[in-house]
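# Notes for the structure review
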Amino acid sequence: MDDQKPQELRDEELVALCQQGQGEYFDILVRKYMEKAFHIAFNFTRDKEEAKDLSQDAFLRAFSRIKQFDGRSTFYTWFYRLVVNLCLDYTRRKGRVRWQSLDAIVEENPERAELADSRRAPEQLAMAGEAKHRAESTLKSMPDKQRTAFLLRNHQGLPIADIAKVMKTTEATVRVYLHRAVAALRQSLLEFV
Amino acid sequence: MERKQTLETACRDFEEDLVLYYYGDGSEGERGRVEVHIRTCARCQRFLDDLRRLLPQMAQPESLPQSFWDGYYRETVAKLAAQRERSSWWRNLLTPMRAWAVPVFASAAVAVLAVGLLIGKGGWNAQSVGRRGNIPQEILTDASQLEFFSSMDVIELLPTLEALDGGKTESSAGRNG
């Protein structure tokens, strides 16, 4: 371990170092998971600032509870659970989330948007925008558990076994949630296929 | 667009497996069963094609500039450092105390207990005095009457005392005579 660069350490090794009081190693975990944490939070909140706050809060909580991590699950499953729970708390607290378009973020970087626009015909862009809006509305109206299962599988690429751990349920239940979410999305998006 | 009006669903027994198949999940047996089925079922094949067209678009992560992530990282690390600082402040305060903390706290506790007892006792005494001060006048009167009656007991004993005293005088006179 001494010859290894800190960035090359496995999650469990980094966690062990943090548990021994070397909290600075947690920064590596932040670097590794910040994009995923932010994207999960954004998918739930549809608000860039809220997503940033929630995902950062998840890191702070994970760090303050790092000694409670017993290694029975992987770090990322444990951490995802923290993020998802914070997001679910947020959606329950807020009731209806303010739905920020994904495009609004790109609008902050006009050069990127311009580049993307030049590759696609205007009608294609309009259709894509409408489809995106429809998908977001469908996701928003889904029960929390279905949405969570779908976002973790489709957007985050988590295996079903890990989603079951994150959601503290069985794999069979996750399959049902996932199926229902996908069926609902397919139904709402069929005209765009 | 034609299918918009009449939503074609996959075969009921296969829809859930098709979703898992799309994501590459499910056991080998389940996947094999789906593969055999979609060769002959156009509806399920179309269902799977729809998933392949729709779901990857949704999964595309929003692209944010590197400057956003740099700022995000800096901000998070700063918050973590502040949290670490807060926790180490407490640790620093407590760590050097550990060697002498036990006897000091024990002595302090004993001292506080002793002072508390002293004050408590004083207070109790004052309270008992106060209690006496609060006795109703009628009872105090009765008490003085009781004292009177006890003095009356002594008066009743006077003849006996005199007799005893007289006997003593006679015997002493006899001894003298």
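In what follows, the structure referred to is the one given above.
In this report, we go over the structure that sits alongside the text. Since we're looking at a predicted model, the values are computed, not measured.

A count of helices and strands for chain B gives seven helices and zero strands. Along the chain direction, N to C, the helices and strands of chain B fall in the order α-α-α-α-α-α-α. Burial status across chain B gives 11% buried among its 177 residues. In chain B, the proportion of contacts linking residues at least 24 apart, taken out of those at least 6 apart, comes to 51%.

We now examine the interface of chain A and chain B. The interface is formed by 37 residues belonging to chain A together with 32 residues belonging to chain B. Considered class by class, the residues forming the side of chain A that touches chain B number 19 nonpolar, nine polar and nine charged.

Our next topic: helix α8 (residues 144-155) of chain A. Residue and element names in this part refer to chain A. Over its 12 residues, α8 runs 15 Å from end to end, which matches the ideal 16 Å to within 8%, given 1.5 Å per residue. Here α8 has its buried residues at Gln146, Arg147, Thr148, Ala149, Phe150, Leu151, Leu152, Arg153 and Asn154. Phi turns positive one or two residues past the end of α8, at Gly157, with a value near 70 degrees.

Right, let's talk about the nonpolar core for a bit. Ranked by internal contacts, the top residues of the largest apolar core, which has 60 residues, are Ala41(A), Val83(A), Ala149(A) and Leu18(B). Counting residues per element, this core draws most heavily on helix α2 (residues 26-45) of chain A, which supplies 10 residues.

The contact between helix α10 (residues 171-189) of chain A and helix α3 (residues 42-59) of chain B brings their axes to 10 Å, and the two run at 85 degrees. Considered as vectors, α10(A) and α3(B) are oriented roughly perpendicular to each other. Contacts between α10(A) and α3(B) involve Val182(A), Leu185(A), Arg186(A) and Leu189(A) on the former and, on the latter, Asp50(B), Leu51(B) and Leu54(B). Per-class residue counts for the contact of α10(A) with α3(B) are five nonpolar, no polar and two charged.

Reading the values: the criteria
- Residues numbered from 1 in each chain as written.
- Chains lettered and ligands numbered in written order.
- Predicted model: local features only at pLDDT ≥ 70, side-chain atom pairs only at ≥ 80, totals over all residues.
- Helix = DSSP H or I, 4+ residues; strand = E, 2+ residues; numbered from the N terminus.
- Buried ≥ 20, exposed ≤ 12 C-beta atoms within 10 Å, placed from the backbone.
- Contact = placed C-beta atoms within 7 Å.
- Nonpolar A, V, L, I, M, F, W, Y, C, P; charged D, E, K, R; others polar.
- Expected span 1.5 Å × (residues − 1).
- Core = buried A, V, L, I, M, F, W, Y, C linked by C-beta atoms within 7 Å.
- Axes fitted to C-alpha atoms, helices over the stretch in contact; angles between N-to-C directions.
- Parallel < 35°, antiparallel > 145°, perpendicular 65-115°, else oblique.

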